[in-house]
Amino acid sequence: MQNKELFLDLLRVAFLPEYDKTIESTEGGYTPVFRIFKQHDLAHLLNRCVKGAQLNIDAEMQKKLEAIENQAIFRYLRIAEELKNTSAILEKGEIPFMPLKGSVLRELYPE
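I will try to describe carefully the structure that is included in this document. Keep in mind that what you see is a predicted model, and the values were worked out from it rather than measured. Each chain has its residues counted from 1, running along the sequence as written. Where totals are concerned, whole chains, interfaces and linings use all residues; where local detail is concerned, this predicted model gives features only for residues with pLDDT of at least 70, and gives and counts side-chain atom pairs only at 80 or more. To get the side-chain values, take all heavy atoms of the structure and skip hydrogens and water.

Stacked, edge-to-face and tilted are the three classes for Phe, Tyr and Trp ring pairs, Trp counted by its six-membered ring, which pair at centre distances within 6.5 Å; planes under 30 degrees apart are stacked, over 60 edge-to-face, the rest tilted. Counted according to the given criterion, the structure contains one aromatic pair. Judged by centre distance (4.7 Å) and plane angle (70 degrees), the ring pair of F7 and F37 falls under edge-to-face. Of this pair, F7 sits in helix 1 (residues 3-15) while F37 sits in helix 2 (residues 31-39), and the two are 30 residues apart along the sequence. Across this residue pair, the class does not change: F7 and F37 are buried. Per the convention used, a helix needs a DSSP run of H or I reaching at least four residues, while a strand needs a run of E reaching at least two, with both numbered from the N terminus. Per-residue accessibility, obtained with a 1.4 Å probe over protein chains only, is compared with the maximum for each type, and a residue is labelled buried under 20%, exposed over 50%, and partly exposed between these values.

When two helices pack together, their arrangement is given by the angle between the helix axes and the distance between those axes. For every element, the axis is a line fit to its C-alpha atoms; helices are fit only across the contacting stretch, and the angle between N-to-C directions ranges from 0 to 180 degrees. Contact pair helix 3 (residues 46-53) / helix 4 (residues 59-92): the axes reach a minimum separation of 8 Å and the direction vectors enclose 130 degrees. Looking at the two axes, helix 3 sits oblique to helix 4. Contacts from L46, N47, V50 and K51 in helix 3 reach Q62, L65, E66 and E69 in helix 4. Throughout, the ten residues Ala, Val, Leu, Ile, Met, Phe, Trp, Tyr, Cys and Pro are labelled nonpolar, Asp, Glu, Lys and Arg are labelled charged, and all others, Gly among them, are labelled polar. Here the contact of helix 3 with helix 4 is composed, by residue class, of three nonpolar, two polar and three charged. By definition in this entry, angles of less than 35 degrees are roughly parallel, angles greater than 145 are roughly antiparallel, angles of 65 to 115 are roughly perpendicular, and the rest are oblique. Contact between two residues is taken to exist if any of their heavy atoms lie within 4.5 Å; hydrogens are not considered.

On to the packing of helix 1 against helix 2, then. Where helix 1 meets helix 2, the axes come as close as 9 Å, and the angle between the chain directions of the two elements is 70 degrees. One element, helix 1, and the other, helix 2, form an angle in the roughly perpendicular class. Relative to helix 2, helix 1 is oriented so that their crossing is right-handed. Across the interface between the two elements, N3, K4, L6, F7, L10 and L11 from helix 1 touch P32, V33, I36 and F37 from helix 2. Grouping the amino acids of the contact of helix 1 with helix 2 by side-chain chemistry returns eight nonpolar, one polar and one charged. Helix crossings get a hand from a simple test, with the near helix turned counterclockwise from the far one by less than a right angle marking a left-handed crossing and a clockwise turn marking a right-handed one.

Let's shift gears to the nonpolar core. Residues enter a nonpolar core if they are buried and are Ala, Val, Leu, Ile, Met, Phe, Trp, Tyr or Cys, with the set joined through side-chain atoms within 4.5 Å. L10, I23, F37 and L55 are the most contacted members of the largest nonpolar core, which has 19 residues in total. Those elements that place two or more of their residues in this core are helix 1, helix 2 and helix 3. Among the elements that make up this core, the one with the highest residue count is helix 1 (six residues). Residues in contact with L55, not counting those within four places in the same chain, are L10, I23, Y30 and V50.

Here it is in structure tokens:
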């Protein structure tokens, strides 16, 4: 199985309950596929994908995936709190605004 196909299968297994497929490793193991997740800024989803696909990975890698997921949760909460604070300030000053999301926020709130 090619790495990109494995990448997509892992996402499907994690997020589509009806997708029932046994995931098998490629020749290079899972590391190349994990790199694809990171390249597409989806590393935080790896833990869910690994659990959904019931992959056997070593304890050290599992800890890394949990840490990446927790960092993503923390980052999201930090951005949400900052948006709440900024919105309150602008509303108090009666300044109209339109919050942006995605790539625009990424530029405003770099890691």
